[in-house]
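# Fold and contact review
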Amino acid sequence: MFSPFAIHPLLCLLTEGPFSCRWAEKLLDNTRVGVIIEGGSKVAIVGRIGGGIGGRDINCSYQNGSIQGRIGGAIFGWDVSLDIAGSSVAGRMGGLVAGRDIVATLWDQQVQGRIGGVVDGIDVQLQLNGTHIFGRCGGDIFGFDCHLNFDQQGQLTGRLGGDVFGKDVYMRLRPGINPLIGALLACAVYYFIQIQSRRSSNSGGGSSGR
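So, here's what we can say about the structure. Predicted, not measured: the structure shown is a model, and the values here were computed from it.

## A word on the pairing of strand 6 (residues 88–93)
Pairing analysis gives six bridges linking strand 5 (residues 78–85) to strand 6, with the strands arranged antiparallel. Along strand 6, the bridge assignment pairs Val80 with Met93. The antiparallel pairing of strand 5 with strand 6 creates a hairpin that spans two residues between the two strands, and Gly86 there sits at a positive phi of about 65°. The pairing of strand 6 with strand 7 (residues 100–106) spans six bridges and is antiparallel. Looking at strand 7, one finds that Ser88 is bridged to Thr105. Where strand 6 folds back on strand 7, the antiparallel hairpin that results is connected by six residues, among which Gly94 adopts a positive phi of roughly 95°.

## Quick word on unusual backbone geometry
For Asn64, which is not glycine, the phi dihedral falls at a positive 55°. Within the secondary structure, Asn64 sits in the loop between strand 3 (56–63) and strand 4 (66–71). For Asn64, a relative accessible area of 77% gives the class exposed.

What counts as what
- Residues numbered from 1 in each chain as written.
- Predicted model: local features only at pLDDT ≥ 70, side-chain atom pairs only at ≥ 80, totals over all residues.
- Heavy atoms only, no water.
- Pairing = 2+ DSSP bridges.
- Helix = DSSP H or I, 4+ residues; strand = E, 2+ residues; numbered from the N terminus.
- Buried < 20%, exposed > 50% of the residue type's maximum accessible area, 1.4 Å probe, protein only.

Laid out in structure tokens, this is it:
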């Protein structure tokens, strides 16, 4: 699947911070979202969570109320699928064994739900206030904050988590995609990155969510 972040080899040298932010924004500006055709459906959500090291690309299409796509590469990445029917959002990220379900309710200015199961999941509550999306994922101790901004060009940018261990967000949404859906997807990706990071630390290697 097409990845705008694979077109420049210097990206792999980037780390979190203003330098990576400028490169990511430049690459987003050069991505003609809504014009690129993937198997008959248009790319609806494209971008990256995190910098060149430790981050993940996002490439998703949208058709008939269904978001389908890939997070990360072909080997160390995972699939994502979300079905949107009215106010109901349901889907899954990752494979049958190591993946996580996503279930949420969407309102005009709020999305609330859960990523993962009852035992190993986190609650998500995000609000849209003007162009600012904010909220909390998980509890007070093991959760993370969400601070994102959405502009008229469809760019969704900001940060998930704290200043030290968090990840920057650079995404672009096709017109018609609710920014709260983009924010929910970004939070799910960040949470899954955290899971894979813990697994890699315990096993001493990478893992695939496919």
